[in-house]
Structure formats: C-alpha cells, structure tokens
Amino acid sequence: MNLSLKKILKHSNVLFISELDNSFKKIENILNLFFKKIYYTNSLEKANFFYEDFFPNVIIIDINLQKDNGMNFIKEIRKRNKNLPIIVITDLKETNILLEAIKLNLIDYILKPLDLNKFINALNLCAKQILNNGDILSFINKIGFLLIFWHNNSIMICTSVL
C-alpha cells in the first residue's frame, strides 16, 4: 500500500460489523494497523447508531449475521451516502446475493477465508475513494495542510501540521 494512502486511513474511522468468528481477530488486527479508530458491533441496530453518531469513513461488514441481514443495512446506507467505501467480507457466494451486491457500489466483496492481499488492496481502494470523493477535507482539518501531486502514476500526498 502506498504510504500516503495508508496515512489517509490512519486518520480515518472504520465501522466493522461482524460476528465473532474465525476471521474476526485477523481482520481486527489488520484494522488496528490501518485505522485510527474501530467501531465494532455484531448488531445492525448498534451499527446504525455508530453510523449516525460517529460518521465512519469506511464500513466493513459481514452480511451473514445471525440476527440481521447485512445487505439491507448496506441498502439503507446507500440511500443516505452513495460514496461511502464499503467492503463486504463473507462466506456467502450465492449468485443472487452477488448480483444484488453489484448494484450497491461496493469497494469489494471478499470471500472467507480472508485473503490478506485482497483485503489490503480493498483498503487501498477505500483510501483512494476517500481522496476522490472529497472526503479528504475532514482529513486535512485533522492534520493541517495537504499537498497532492502525481508522481510515476501514483498520488503523492505531503502533509504538514500547522
């Protein structure tokens, strides 16, 4: 991952919605490396509370929750925010679910067991989407000023705290 894109995520919050399954700890450890704050829940009711009160920059969700349907939660989020980066990590691979997911403008739909390279690539895409959507303004407010330029087909970001 480009160091500058990692810096964007390091100043971002993530909402992580999942059951406590075999992949939970691995995902949590990765998220702790990349994000400033993780809001975790296994309930969509609490997830909605976290979304409304803490405005996460990224959502990572397992749509196969014991009590809830994660796809419905994503649809509700998309009614309010079409550009928020969302990654699905799940063991569901039925065609109808995949076709439904395509319409929701997801960053990625990653099947379990978790492939670390695919997950890190998806996080990289989240950082790019934050940058491209203009959500970078909240990032600038947190760290000072920001200089963005292209170098060798990559976005280079220089920051300085005022």
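Residues numbered from 1 in each chain as written. Predicted model: local features only at pLDDT ≥ 70, side-chain atom pairs only at ≥ 80, totals over all residues. Heavy atoms only, no water.

Enquirer: Which residues make up the packing of aromatic side chains, and what are the values?
Expert: Per the stated rule, a full pass over the model turns up eight aromatic pairs. Between the aromatic rings of Tyr39 and Phe50, the centroid separation amounts to 5.5 Å while the plane-to-plane angle is 35°, which identifies the pairing as tilted. With Tyr39 in strand S2 (residues 37-41) and Phe50 in helix H3 (residues 44-54), this residue pair connects regions lying 11 residues apart in the sequence. Note on Phe49 and Phe54: the rings are 6.1 Å apart at their centroids and 85° apart in plane angle, and the pair reads as edge-to-face. In textbook terms, an aromatic cluster arises when at least three aromatic residues are bridged by ring pairs, as seen for Tyr39, Phe49, Phe50 and Phe54. Just above the ring of Phe34 sits the side chain of Lys6; from NZ or CZ to the centre is 5.3 Å. (Phe/Tyr/Trp six-rings, centres within 6.5 Å; stacked < 30°, edge-to-face > 60°. Helix = DSSP H or I, 4+ residues; strand = E, 2+ residues; numbered from the N terminus. Lys NZ or Arg CZ within 6 Å of the ring centre and 35° of its normal.)

Enquirer: So what's going on with the nonpolar core? Residues and values would help.
Expert: Grouped together as the largest cluster of nonpolar side chains are 25 residues, with contacts concentrated most on Leu9, Ile60, Ile87, Phe119 and Leu123. Looking at which element gives the most residues to this core, the answer is helix H6 (residues 116-132), with seven residues. Ignoring anything within four residues of it in the chain, the contact list for Ile87 reads Ile59, Ile60, Ile61, Ile107, Asp108, Ile110, Phe119, Ala122, Leu123 and Cys126. In terms of nonpolar packing, the next biggest core, distinct from the first, is built from 24 residues, Tyr39, Leu84, Ile97 and Leu106 among them. (Core = buried A, V, L, I, M, F, W, Y, C linked by side-chain atoms within 4.5 Å. Buried < 20%, exposed > 50% of the residue type's maximum accessible area, 1.4 Å probe, protein only. Contact = heavy atoms within 4.5 Å.)

Enquirer: Account for the packing of H3 against helix H4 (residues 70-80), with residues named and values stated.
Expert: Across the interface, H3 lies against H4 with an axial gap of 11 Å and an inter-helix angle of 20°. When the axes of H3 and H4 are compared, the pair comes out roughly parallel. In terms of crossing hand, the pair formed by H3 and H4 is right-handed. Residue-level inspection shows Leu44, Ala47, Asn48, Tyr51 and Glu52 of H3 in contact with H4, the latter providing Gly70, Phe73, Ile77 and Arg80. (Axes fitted to C-alpha atoms, helices over the stretch in contact; angles between N-to-C directions. Parallel < 35°, antiparallel > 145°, perpendicular 65-115°, else oblique. Left-handed = near helix turned anticlockwise from the far one by under 90°.)

Enquirer: Describe the pairing of strand S5 (residues 108-111), and please don't skip the residues or the numbers.
Expert: Relative to S5, strand S4 (residues 86-90) runs parallel, the two being bridged by four bridges. The residue of S5 that forms the bridge with Ile87 is Asp108. Tracing the backbone out of S4, into helix H5 (residues 95-102) and back to the parallel element S5 gives a crossover that is right-handed. (Pairing = 2+ DSSP bridges. Right-handed = clockwise from strand over helix to strand, strands pointing away.)

Enquirer: Residues and numbers for the side chain of Ser43, please.
Expert: Along the chain, Ser43 falls in the loop between S2 and H3. There is a polar contact of 3.2 Å between the side chain of Ser43 and the backbone nitrogen of Glu45. At 3.2 Å, the side chain of Ser43 and the backbone nitrogen of Lys46 are in polar contact. (Polar contact = N/O pair within 3.5 Å; in protein donor to acceptor, adjacent residues only side chain to side chain.)

Enquirer: Could you give an account of the sheet that holds strand S3 (residues 58-61), naming the residues involved and the relevant values?
Expert: Taking strand neighbours across the sheet as the criterion, the five strands line up as S2-S1-S3-S4-S5 in an open arrangement whose pairing is parallel. Here the strands that pair on one side only, and so sit at the sheet edges, are S2 and S5. Strand-to-strand twist across the sheet, computed as the mean angle between neighbouring axes with direction ignored, equals 15°. Judged from the five bridges that link them, strand S1 (residues 13-17) and S2 form a sheet pairing that is parallel. By the bridge assignment, Val14 is partnered in S2 with Ile38. Of the strands in this sheet, S1, S2, S3 and S4 touch helix H2 (residues 24-34), which is tilted by about 175° from S1.

Enquirer: Quick one: what's the story with the pattern of salt bridges, residue by residue and with numbers?
Expert: As enumerated under the stated definition, the model contains six salt bridges in all. Across the pair Asp21 and Lys112 runs a salt bridge, and its minimum N-O distance is 2.3 Å. Here Asp21 is found in the loop between S1 and H2, whereas its partner Lys112 is found in the loop between S5 and H6, with 91 residues between them in sequence. According to the relative accessible area criterion, Asp21 is partly exposed, its value standing at 29%. Each of Asp21, Asp62 and Lys112 takes part in one network of salt bridges that share partners. (Salt bridge = Lys/Arg side-chain N within 4 Å of Asp/Glu carboxyl O.)

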